[in-house]
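Architecture and fold: a report
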Amino acid sequence: MTVIETPSQSRTTQAADINSLALTLFRVRQWFTQSSPYLGFLGVASLLLAWYLLTEFFNVPRFNKLPGPVAVWREFTSPSPTFGISIYTPEYYMHIIWSIWRVLQAFFWATVLGVPLGLFMGWKRAFRDYTFPVLEIVRPIPVLAWVPVAILIFAGIASREAPVIFLAFLATFFATVLNTMLGVESIDEVYFRAARCLGSKPRHIFFRVVLPGALPFIFTGLQIGVGVGWFSLVAAEMISGEYGLGFLIWDSYVLSQFPVIIIAMLTLGVVGYGFSAIIRLIGASLMRWADRSGV
Amino acid sequence: MTPVAARGAINIRNVSKIYDPDGANVLAVDNCSVDISPGEFCVIVGPSGCGKTTLLNAIAGFHDISSGEISLDGKPICTPGFSAEPGADRIVVFQNGALFPWSTVLNNVAYGPVVQGTASSIDAKTNAQALLAELGLSGIGDRYPNELSSGMRRRVEIARALINDPKVLLLDEPFRAMDALTKGVAQEFLLQAYDRVRKTVFFITHDLEEAIFLGDRVLVMTTRPGRIKQTLHVDFGRPRNYKIRSSKQYLTFKSQIFEAVREEAIRAFEAGERELA
Amino acid sequence: MVKNSTTLSLRRGLLSVLGLLAFWEIGRRLHFPFLSAVPAPTEVFASLDQIVGNSKFWNDWIASFSRVLSGFALAQLVGIPVGLLMAMSRTLRYLWFPPLEILRPIPPLAWVPTSIIFWPTTELSIIFVIFLGAFFTVVLTVLGGARAIDERLIRAARSFGSKPRDIFWRIVLPATLPSIITGMAVGMGVTWEVVVAAEMIAGKSGLGYFTWASYVGGNYPQIIVGMASIGIAGYLSSGAIRVLGKQATPWQRQI
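Residues numbered from 1 in each chain as written. Chains lettered and ligands numbered in written order. Predicted model: local features only at pLDDT ≥ 70, side-chain atom pairs only at ≥ 80, totals over all residues.

Attention now moves to the overall build of chain B. Of the regular secondary structure elements, chain B holds seven helices and eleven strands. By the compact-globule yardstick of 19 Å for 277 residues, chain B fits well, its C-alpha radius of gyration being 19 Å. Each principal axis of the C-alpha distribution contributes one length, and for chain B these read about 50 × 45 × 45 Å. Expressed as a percentage of the 277 residues in chain B, the buried residues total 44%. A separation threshold of at least 6 residues defines the contact pool for chain B, and within that pool the share at least 24 residues apart is 71%. (Helix = DSSP H or I, 4+ residues; strand = E, 2+ residues; numbered from the N terminus. Rg over C-alpha atoms; globule rule 2.2 N^0.38 Å. Buried ≥ 20, exposed ≤ 12 C-beta atoms within 10 Å, placed from the backbone. Contact = placed C-beta atoms within 7 Å.)

Written as structure tokens, this is what we have:
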């Protein structure tokens, strides 16, 4: 009489232990053999290498006029830098803070004015009819074309800061209004109908459907807005500013302090990236309900 | 004292609706008349695009009609040029669901009372919690809709409607997007909820089996322009059990109405027109 | 019903634009704060005659447009292939993405000094900065669009026995075309921003230079004309792209 043997308990638990250990080892091995982090390093490293070789090592004509990574690094990390800007000098941080402070002000006004405007434009057809044409006429004008007018508008009324902040504000404002409006328009009609069925009055619809529904687009708009605002601010500072990273770039060019140009450029990159990342994080935490697969 | 189910009588009289999407005059609904008694579960079956959603939307108040009249408990709610505001007396449960994705389940269900001012926020939430529990949906109050399965979402939406004690419940192919297995269970859930409250239900679907299983009366609508072609009285008695789906009586009912539906299906198939929403 | 509502919208729009112009004019006359130094609409219109007759003005148009076209075309020629390559090759994507992400946040105008130092002529340095501005936009948009292609389309092609070459030319490219066009339209906007600023900072011709020079020369109504010109030029360029784009993607026409 044959007895069909079922796998013993001890054997299965043994198998489980081996499995978890093997799994961990497998994962570790995967991380090391997967190409992505290496390729990433390789990409950045080759960029730096190319920069170094072209400017300082091989002294390729035209390239050798540019400051190389070694010169930039030396300047950046020196306690008493030749041109006065390094991680040890307070001036460096002062310029950064000036730029950041301006962007924050521009961002604040653009959001406070732009989001409500965009919400109303998306929600009420009549309001949009009156406001959208004006916006669409003004929007194609590059923000920086406003520099002279900005100076004229604030001449004698506000500080020299106002035009610079105004330009950053303009850029952010347009991005914010547009995206907010699109956000409201993207809300499925069905949610409005459901809300009306359930007895909502207009203010309920605004605060409980329009605003939350448009939130994902609003945050996308804010991210884009910060980006273009940053970009416009730097340009404005280069054209007509005192202090600030944009000003620093132009000023050090004029004074032939070339390594400082690169320092300022890279700082701009890092700070700009940081801003976007912060907004993205805030947006993500406020919108846990958003479908990860798409809005 | 009026009996609970004396509210919710719908009278649809000679209703027609002409759409004008791009200058093309489309007759969506053609001279339909239905009288729905309070507490009746009325189902309209028809191919996609036949005009049944148009009829539902007119009752709900989302648009007016081109001729005829719709009245609720004797008061006209939809006539040419006039459409009463959508309200909590006739709540819609939508096809692809309309739970607010940005609110938790509890806030969704409590929405109606809070917004109408009939209960404070805290009371509304407590009532919502209680209703969810009664309907077998406890423990999901703090979740967001996108964390739930489609079956659960549809149930929550029904709860969101019922908490407002509407006169009429309008269901626009609510189970259309579900797989057949989930659909069956969802239908049984709806029947249980219906038995508890006995509200007037106006249900539209393209699924004949669903119609017979759920309804007291099944009306067949033709392809566009939609007309009422045939009526079937489904007197199974309530409460209904899923087992009736394999009963002889069920098959008899089905055979009485099947030809009519099939005819319309073929007509719609061959016409090949793009569905108007 | 539909026709009525569009004419209503147009009427309201016209009303608001005229209203704003009137407000501007009156504000200037009555010396409202903020408007006291800004030239009034009537002054601007009065100066149009002079400006449009001056050939130098139209030379500025040509100068700006030629820079825009060169930089923009270059950005497309380099950026589209880069974006497509990155979308299709995992290796290239991981290799190139980090350096791109590091360079991208640096505003294009921040490159102006470096560009001036490097390139022998001002013209080349302006075009380079324009190129940078549009390049990143193009690469990212194309990359995003190509990566978003429904996998099922590619699978369907493969089940027909398509070679990789066919898949690229017949599936990937057409499917990415809408994104390429979007990238172009957005890139064109960025391009004009950069051109104007670059001309203000370092140029000796062009509409941006015209606007700045008008300010420096005290000819304020001309500033507004300059701004309007740039706006129109940018709008025409983006519009041209959109029209060409619609022709290139007939399947996207929606009823």
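A few words on the overall build of chain C. In terms of helices and strands, chain C carries ten helices and zero strands. For chain C, the α and β elements follow one another from N to C terminus as α-α-α-α-α-α-α-α-α-α. Against the 2.2 N^0.38 benchmark of 18 Å for 255 residues, chain C shows a C-alpha radius of gyration of 23 Å, more extended than a compact globule. Judged by the C-alpha coordinates and their principal axes, chain C covers about 75 × 60 × 35 Å. A burial count over chain C gives 38% of its 255 residues as buried.

With 47 residues of chain A at the contact, the number on the chain C side is 45 residues. When its residues are assigned to classes, the side of chain A that touches chain C shows 37 nonpolar, seven polar and three charged. (Nonpolar A, V, L, I, M, F, W, Y, C, P; charged D, E, K, R; others polar.)

Our focus in this paragraph is the sheet that holds strand 8 (residues 168-172) of chain B. All names here are of chain B. A sheet is described by the order of its strands in space; here six strands give the open sequence 7-8-9-3-10-11, paired in mixed fashion. Every interior strand has two partners, whereas the edge strands, strand 7 (90-93) and strand 11 (228-233), have only one. Strand-to-strand, the axes of this sheet are offset by a mean angle of 20°, without reference to chain direction. Direction of pairing for strand 10 (residues 217-221) relative to strand 11: antiparallel, over a ladder of five bridges. (Pairing = 2+ DSSP bridges. Axes fitted to C-alpha atoms, helices over the stretch in contact; angles between N-to-C directions.)

Let us now look at the domain arrangement of chain C. Domain annotation for chain C reports domain 1 (1-38) and domain 2 (41-252). Between the C-alpha centres of domain 1 of chain C and domain 2 of chain C there is a distance of 31 Å. (Domains from an automatic or database assignment.)

With eight of ten residues buried, helix 9 (residues 207-216) of chain C lies mostly within the body of the structure. All of the buried residues along helix 9 of chain C are C:L207, C:G208, C:Y209, C:F210, C:T211, C:W212, C:A213 and C:S214. Packing partners of the buried residues in helix 9 of chain C comprise helix 6 (147-154) of chain A together with helix 3 (55-88), helix 8 (164-202) and helix 10 (220-248) of chain C. C:G218 occupies a position one or two residues after helix 9 of chain C and carries a positive phi of about 80°.

Take the pairing of strand 4 (residues 67-72) of chain B next. Residues and elements named next belong to chain B. The pairing of strand 1 (residues 10-19) with strand 4 spans five bridges and is classified as antiparallel. Its bridge partner being in strand 4, I12 is matched across the sheet by I70. Both strand 4 and strand 5 (residues 75-79) contribute to a ladder of three bridges, which runs antiparallel. Each residue of the ladder has a partner; that of I70, found in strand 5, is C78. Taken together, strand 4 and the strand that follows it, strand 5, pair antiparallel across an intervening segment of two residues, in which D73 is found at a positive phi of about 50°.

Before going further, it helps to examine the packing of helix 3 of chain C against helix 9 of chain C. How two helices sit against one another is set out by the angle between their axes and by the gap between those axes. Residues and elements named next belong to chain C. Relative to each other, helix 3 and helix 9 sit at 135°, their axes nearing to 7 Å. Classified by the interaxial angle, the pair formed by helix 3 and helix 9 is oblique. Here F57, D60, W61 and S64 of helix 3 lie close against helix 9, whose contacting residues are L207, G208, Y209 and F210. Its residues assigned to classes, the contact of helix 3 with helix 9 shows five nonpolar, two polar and one charged. (Parallel < 35°, antiparallel > 145°, perpendicular 65-115°, else oblique.)

What follows is about the nonpolar core. Counting residues in each nonpolar core, the largest one holds 209 residues, and the members touching the most others are A:W146, A:L167 and C:L109. Counting residues per element, this core draws most heavily on helix 9 (residues 202-240) of chain A, which supplies 18 residues. (Core = buried A, V, L, I, M, F, W, Y, C linked by C-beta atoms within 7 Å.)

The next thing to look at is the environment of A:I141. Mapped onto the secondary structure, A:I141 falls in the loop between helix 5 (125-138) and helix 6. Classification of A:I141 as buried rests on a count of 24 C-beta atoms within 10 Å. Distance in space between the C-alpha atoms of A:I141 and A:L113 is 20 Å, their sequence separation being 28 residues. Contacts of A:I141, omitting those with residues within four sequence positions, involve A:W146, C:M227, C:I230 and C:G231.

For sheets, the rule is that strands pair by backbone hydrogen bonds, running either parallel or antiparallel. Residue and element names in this part refer to chain B. Within the open sheet, the five strands sit side by side as 2-1-4-5-6. Their pairing is antiparallel. Each having just a single partner strand, strand 2 (26-36) and strand 6 (82-83) make up the two edges of the open sheet. Pairing of strand 1 with strand 2 involves seven bridges; the strand directions are antiparallel. Looking across to strand 2, one finds that Y19 is bridged to V26. Lying over the sheet, helix 1 (residues 52-60) contacts strand 1, strand 2, strand 4 and strand 5, oriented at roughly 115° with respect to strand 1.

Residue and element names in this part refer to chain C. Mapped onto the elements, V142 comes out in helix 6 (residues 122-147). It is 17 Å that separates the C-alpha atoms of V142 and I154, two residues lying twelve residues apart in sequence. Those residues in contact with V142 that sit more than four places away from it in its chain are G79, I80, G83, L84, T176, S179, I180 and G183.

When the terminal C-alpha atoms of helix 5 of chain A are compared, their 20 Å separation across 14 residues agrees well with the 20 Å that a helix rising 1.5 Å per residue should span. For helix 5 of chain A, the principal kink sits at A:T131 and spans about 35°; a proline, A:P133, occurs within the next four residues. (Expected span 1.5 Å × (residues − 1). Bend = angle between axes of the 7 residues up to and from the residue.)

Turning to the environment of A:F217, a few remarks are in order. By secondary structure assignment, the location of A:F217 is in helix 9. With 19 residues separating them along the chain, A:F217 and A:L198 place their C-alpha atoms 26 Å apart.

Right, let's talk about unusual backbone geometry for a bit. Put simply, B:R224 and B:P225 share a cis peptide bond, and its omega is -5°. Look at the link from B:R238 to B:P239: it is a cis peptide, with omega at 0°. Mapped onto the elements, B:P239 comes out in the loop between strand 11 and helix 7 (248-271). Unlike most non-glycine residues, A:S256 shows phi in positive territory, near 55°. Relative to the helices and strands, A:S256 is located in the loop between helix 10 (245-254) and helix 11 (258-286). Positive phi is not limited to glycine here, since B:E173 has a value of about 40°. With respect to the helices and strands, the residue B:E173 is situated in the loop between strand 8 and helix 5 (180-197).

This brings us to the confidence of the model for chain C. Here chain C averages 87 in pLDDT, and 97% of its residues register 70 or above. Across the whole predicted complex the pTM is 0.83, and at the interface the ipTM reaches 0.88. (pLDDT = per-residue confidence, 0-100.)

This part takes up the packing of helix 9 of chain A against helix 10 of chain A. Residue and element names in this part refer to chain A. Packing of helix 9 against helix 10 brings their axes to within 7 Å, and their N-to-C directions diverge by 45°. Here helix 9 is positioned oblique relative to helix 10, judged by the angle of their axes. Both helix 9 and helix 10 take part in a crossing whose hand is right-handed. Residue-level inspection shows L233, V234, A235, A236, E237 and M238 of helix 9 in contact with helix 10, the latter providing L245, G246, F247, I249 and W250. Among the residues making up the contact of helix 9 with helix 10, the classes are represented as nine nonpolar, one polar and one charged. (Left-handed = near helix turned anticlockwise from the far one by under 90°.)

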